[in-house]
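Close look at the chain arrangement
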Amino acid sequence: MKTTGPLLLLIEDDPQLRTLLTTALESQGYTVFAIASGREGLTAARNRHPGLLILDLGLPDIDGQDVIRRLRTWSGLPIIVLSARDQESDITQALDNGADDYLTKPFSTAELMSRIKALLRRVAKLPGGGAQECFQVDELKIELTRRRVFVGEQEIHLTPTEFRLLCVLVRNAGFVVTHRQLLEKVWGASYIEHSHYLRIYMGQLRHKIEADPARPRYLLTEAGVGYRLNMGEN
Ligand code: CA
């Protein structure tokens, strides 16, 4: 399979993982530029014009969080972060700093491939794609401008706040949205500490939308990080 996809920039200090990921990505037809440190990575991001960045958060020279922060001052480059297990606060911080998605180690290369494809697809849709009228996954259908929600044939009546919350997840469908981002977008910047609002409203939404709210199919919890609207297999 030879596709000339966008250049992928990989910043990972572990030489074994760097080699393994480079080989796996190249076998999928991607061109990879692999770097071992944050500073060199930032230079490469500027000079090589990559289409996507895969960034390890634990780097020897500058912190991965700093790489994201510095990058976001001038670039909208899509970023997937790689994090050690049980580093939920790191992941949340990385997403709040502007990373687009994350994987916790160890992960399968198949999982990384599907995240890369999903992120590239989302980025490709961005120009003019913000005004998507209708969203559907399985039985769940949301008409954004008409503000109507259906599960199968049945219309679901949501309060304005529930609908706003659902909309933020729809606009980021398939990707995690952090607690902070949801609180800020739905309730406002002064509410970012009020995570109980989110729990209550997410509970209500699930109750209305999910067949079994305790085992949600659409509104997935990313433990300690946020929520993700499930896009199914694609
Ligand atoms: Ca590392």
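A few points on the structure. All values derive from a computational prediction rather than experimental measurement.

Topic: the sheet that holds strand β3 (residues 52-56)
Strand order in this open sheet of five strands is β2-β1-β3-β4-β5, and the pairing throughout is parallel. Each end of this open sheet is capped by a strand with a single partner; those strands are β2 (31-35) and β5 (101-104). Taking the axes of each pair of neighbouring strands and ignoring which way they run, one obtains an average angle of 20 degrees across the sheet. Here strand β1 (residues 7-11) runs beside β2; their pairing, made up of five bridges, is parallel. Residue pairing across strands places L10 opposite A34, the latter belonging to β2.

So, unusual backbone geometry
Backbone torsion omega between K105 and P106 reads 0 degrees, so that peptide bond is classified as cis. With respect to the helices, strands and loops of the structure, P106 is situated in the loop between β5 and α5 (109-129). Positive phi, close to 50 degrees, is recorded for H49, a residue that is not glycine. One can find H49 in the loop between α2 (38-47) and β3. Not every positive phi belongs to a glycine, and D138 is a case in point at roughly 50 degrees. With respect to the element layout, D138 can be found in the loop between β6 (134-137) and β7 (140-143).

A few points about the nonpolar core
Counting 29 residues, the largest nonpolar core has I142, L166 and L229 as the members making the most contacts within it. Among the elements of the structure, β6, β7, α6 (160-171), α7 (179-186), α8 (195-209) and β12 (226-229) are those that each provide at least two residues to this core. The greatest single-element share of this core, amounting to seven residues, is contributed by α6. Leaving out residues up to four positions away in the same chain, L229 has contacts with F135, L140, L169, V170, A173, G174, F175, Y218 and L219. Membership of the second largest hydrophobic core comes to 24 residues, among which are A44, L55, I79 and I91.

So, the coordination of the calcium ion
Protein-derived coordination of the calcium ion comes from D13 (OD), D56 (OD) and G58 (O), at a distance range of 2.2 to 2.3 Å. Each donor residue of the calcium ion lies on one chain, and together they are spaced D-x42-D-x1-G. Of this pair, D13 sits in the loop between β1 and α1 (15-27) while G58 sits in the loop between β3 and α3 (64-72); the two residues are 45 residues apart in sequence, bridging distant segments of the chain.

As for the packing of α7 against α8
The axes of two packed helices give the description: the angle between them and the distance between them. Running from N to C, α7 and α8 cross one another at 85 degrees; their axes reach a closest spacing of 10 Å. Considering the angle they form, α7 stands roughly perpendicular to α8. Residues H179, L182 and L183 of α7 touch α8, and the partners they reach there are S195, Y197 and L198.

With respect to the environment of L10
Looking at the element boundaries, L10 is found in strand β1. Judged by relative accessible area, L10 falls into the buried class, the value being 0%. Among all residues touching L10, those that are not within four sequence positions of it are R18, L21, T22, V32, F33, A34, I35 and I54.

Procedures and definitions
- Per chain, residue numbering runs from 1 following the sequence as it is written.
- pLDDT decides what is reported in this predicted model: residues at 70 or higher carry local features, side-chain atom pairs at 80 or more are listed and counted, and totals for whole chains, interfaces and linings draw on all residues regardless.
- Only hydrogens and water are set aside; all other atoms, that is, all heavy atoms of the structure, feed into the side-chain values.
- At least two bridges found by DSSP between two strands is the condition for calling them paired.
- Helix and strand definitions follow DSSP, with helices as H or I runs of at least four residues and strands as E runs of at least two, each counted in order from the N terminus.
- For helices, the axis comes from a line fit to the C-alpha atoms of the stretch in contact; other axes are also lines fit to C-alpha atoms, and the angle between any two N-to-C directions lies between 0 and 180 degrees.
- Only buried residues count toward a nonpolar core. Its members are Ala, Val, Leu, Ile, Met, Phe, Trp, Tyr and Cys residues joined through side-chain atoms within 4.5 Å.
- Partly exposed describes any residue whose relative accessible area lies between the buried limit of under 20% and the exposed limit of over 50%, with all areas from a 1.4 Å probe on protein chains only and scaled to the type maximum.
- Contacts between residues were defined by any pair of non-hydrogen atoms, one from each residue, lying within 4.5 Å.
- Because water is not among the atoms used, a metal site may look incomplete, as its donors are only the N, O and S atoms within 2.8 Å, or 3.2 Å for Na, K and Ca.
- If an angle is under 35 degrees, it is roughly parallel; if it is over 145, roughly antiparallel; if it lies from 65 to 115, roughly perpendicular; otherwise it is oblique.

Shape descriptors only; they carry no functional weight alone.
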